[in-house]
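This is what each chain is made of:
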Amino acid sequence: MSARPAILLIYTGGTIGMVKDYGTGYLKPFNFEELLRHIPELEQLDCEVSSISFEKPIDSSNMSPQYWVEIVTIIEDNYSRFDGFVVLHGSDTMSYSASALSFMLENLGKPVIFTGSQLPIGDLRTDAKENLITSIQIASLQKNGMPLVQEVCLYFEYKLYRGNRTTKKNAEHFEAFDSPNYPPLAESGVHLKFQETYFWKIRTSKKKFKVHKNMDANVAVLRLFPGIQKQVLTAVLGTHNLKVLILETYGAGNAPVADWFIKGLDQAIKKGIHVVNVTQCLGGSVAMGHYETSEKLLNIQVIDGKDITVEAAITKAMYLLGNQVSNHLFKTVFETSLRGEMH
Ligand code: ASN
C-alpha cells in the first residue's frame, strides 16, 4: 500500500458527467476525461486518485444487473491495489445499485462510496464537486491502518448513508436521497462527523472478501392500491418463471382480506413463488399480525420485509435467487439482515 491512500474512481455515467446536446436539447453522457478536466481540485487531495470508466457511460435509467457485475468485477480486480472505491453513478437508480453491490460484495473491508449529482459538473451551480470531493475524502480515511468505512455507502448533499438503506426522494432538490429507517453514517459540515456506532464493519472485518456475480432477475413488484383488480394479481403471479413477488403493502404491512387476493397469493406461495411484504410507506416497518389485515398474510407464509426499502428488497431477492438459496430456507434468510439492510 502507498503512503497516501489510493482511491479508484469508477465512472458509470449519470448527470454528473452529462452535457446538453444542442441539436436535441437533451442531456447525454460525455467521456470521463472531459469530466475530470472540470475538477482540477482532485490534484489537491491527500490521496492518489486513479480512474476507470464504462466504455459507454450510461444514464442510470439503463442500469441492469449486467452493469452491476461489471462494477463488482472492476472492484474485485483492483481490490488489493486500492484503499477505497468511489462509484460515479446517475442518481435515478443509485439506491438500487448501492443495494445490489452491498449484497454482491460479501465481507467488504474497504469503502465503496456511490455518488453523483443533480446538475452536470460543468454547470455553474453544480452539486457535483462537493459530492465527488467529499466522497473521495471519505473513501480515503483510515483508522489504525485500516479503512474507516468498510461498507457500501451513498454520499449525497452533505450526508453519508448506508447504501442499502437509501431511496431517491426528490428529482429537484440537491438533497435527493433519504435513509428513512437508518441514521446517516456521517454528516459533512465544517467537519466531517462520523457516527461510528452505526457502521457495519464490526461483523465483517475478520472474514474473507467474496464477490457474488449471479443475480437472478426473475422478480416482480406489485404496489397495492384501493380498487386493484383480481386480473392484475393473476397476471403478475402468472409471469413466466417468476420466483419472487415484492408486495408493496399499506402501512405496517396491511393488505385487503378479500378471498381472491389471499387465495391468489396462497396458491402462488404453494407453487414456490416467494412473496415478500414491504410497506409502501417511506419510513417505518412491516409488523405482520398487528392488524387483522395482515394476519392472513402471516398465516400463508408471506415473507416479512420488516423495514427494508423496495430497492434493497428487489436486489436482495435477486442475490438470494442467484446464489440458489433453497426454497425452504429462502424465507428465513430473507428475514435475516445480511448487510444491515433491515433491523
Ligand atoms: N437521469 C440521471 C441518471 O440517473 C439523473 C441524475 O444522475 N441526476 O443517470
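Residues numbered from 1 in each chain as written. Predicted model: local features only at pLDDT ≥ 70, side-chain atom pairs only at ≥ 80, totals over all residues. Heavy atoms only, no water.

Peer 1: Please explain the sheet that holds strand β10 (residues 152-156) as it appears in this structure.
Peer 2: Each strand in a sheet pairs with its neighbour through backbone hydrogen bonds, running either in the same direction (parallel) or in the opposite one (antiparallel). If you walk across this open sheet you meet the eight strands as β4-β1-β5-β7-β10-β11-β14-β15, and the pairing is mixed. Both outer strands of the open sheet, β4 (48-58) and β15 (192-194), are each paired with one neighbouring strand and no more. Averaged over all pairs of adjacent strands, the angle between strand axes in this sheet comes to 20°, irrespective of strand direction. Inspection of the sheet shows β10 paired to strand β11 (residues 159-162) by four bridges, in the antiparallel sense. (Pairing = 2+ DSSP bridges. Helix = DSSP H or I, 4+ residues; strand = E, 2+ residues; numbered from the N terminus. Axes fitted to C-alpha atoms, helices over the stretch in contact; angles between N-to-C directions.)

Peer 1: What am I meant to see in the pattern of salt bridges here?
Peer 2: As a working rule, side chains carrying opposite charge can pair if their charged atoms are close by. In total, this model carries 16 salt bridges according to the counting rule given. Linking K168 and D92 is a salt bridge whose minimum nitrogen-to-oxygen distance equals 2.7 Å. Here K168 is found in strand β12 (residues 167-168), whereas its partner D92 is found in the loop between β5 (84-88) and α3 (94-104), with 76 residues between them in sequence. By relative accessible area, which is 24% here, K168 ends up partly exposed. (Salt bridge = Lys/Arg side-chain N within 4 Å of Asp/Glu carboxyl O. Buried < 20%, exposed > 50% of the residue type's maximum accessible area, 1.4 Å probe, protein only.)

Peer 1: Whenever I open this one, the environment of Q267 confuses me. Can you help?
Peer 2: Tracing the chain through its elements places Q267 in helix α6 (residues 259-271). Since its relative accessible area comes to 54%, Q267 is described here as exposed. With 30 residues separating them along the chain, Q267 and L237 place their C-alpha atoms 9.6 Å apart.

Peer 1: Would you mind showing me how to read the UniProt feature "active site" (unreviewed entry) in the protein here?
Peer 2: When the UniProt feature table is mapped onto this chain, "active site" (unreviewed entry) is found at T15. Residue position: T15 is located in the loop between β1 (6-13) and β2 (18-20). (UniProt positions renumbered as here; feature names shortened; annotations may be inferred.)

Peer 1: I keep staring at the site of the ligand and nothing clicks. Help me out?
Peer 2: In the region of the ligand, the neighbouring residues are G14, T15, D59, S60, G90, S91, D92, S117 and Q118. Between T15 and the ligand, the recorded distance is 3.0 Å, taken from a side-chain N or O atom to an oxygen atom. When the free accessible area of the ligand is taken as 270 Å², the share hidden by the protein chains comes to 91%. Its residues placed into classes, the shell around the ligand shows no nonpolar, seven polar and two charged. (Near = heavy atom within 4 Å. Polar contact = N/O pair within 3.5 Å; in protein donor to acceptor, adjacent residues only side chain to side chain. Areas by Shrake-Rupley, 256 points an atom, 1.4 Å probe, with all protein chains shown as cover. Nonpolar A, V, L, I, M, F, W, Y, C, P; charged D, E, K, R; others polar.)

Peer 1: Explanation requested: the side chain of S102 in the structure shown.
Peer 2: Inspection of the secondary structure assignment puts S102 in helix α3. Aside from chain neighbours lying at most four places away, what touches S102 is V152, N164 and R339. (Contact = heavy atoms within 4.5 Å.)

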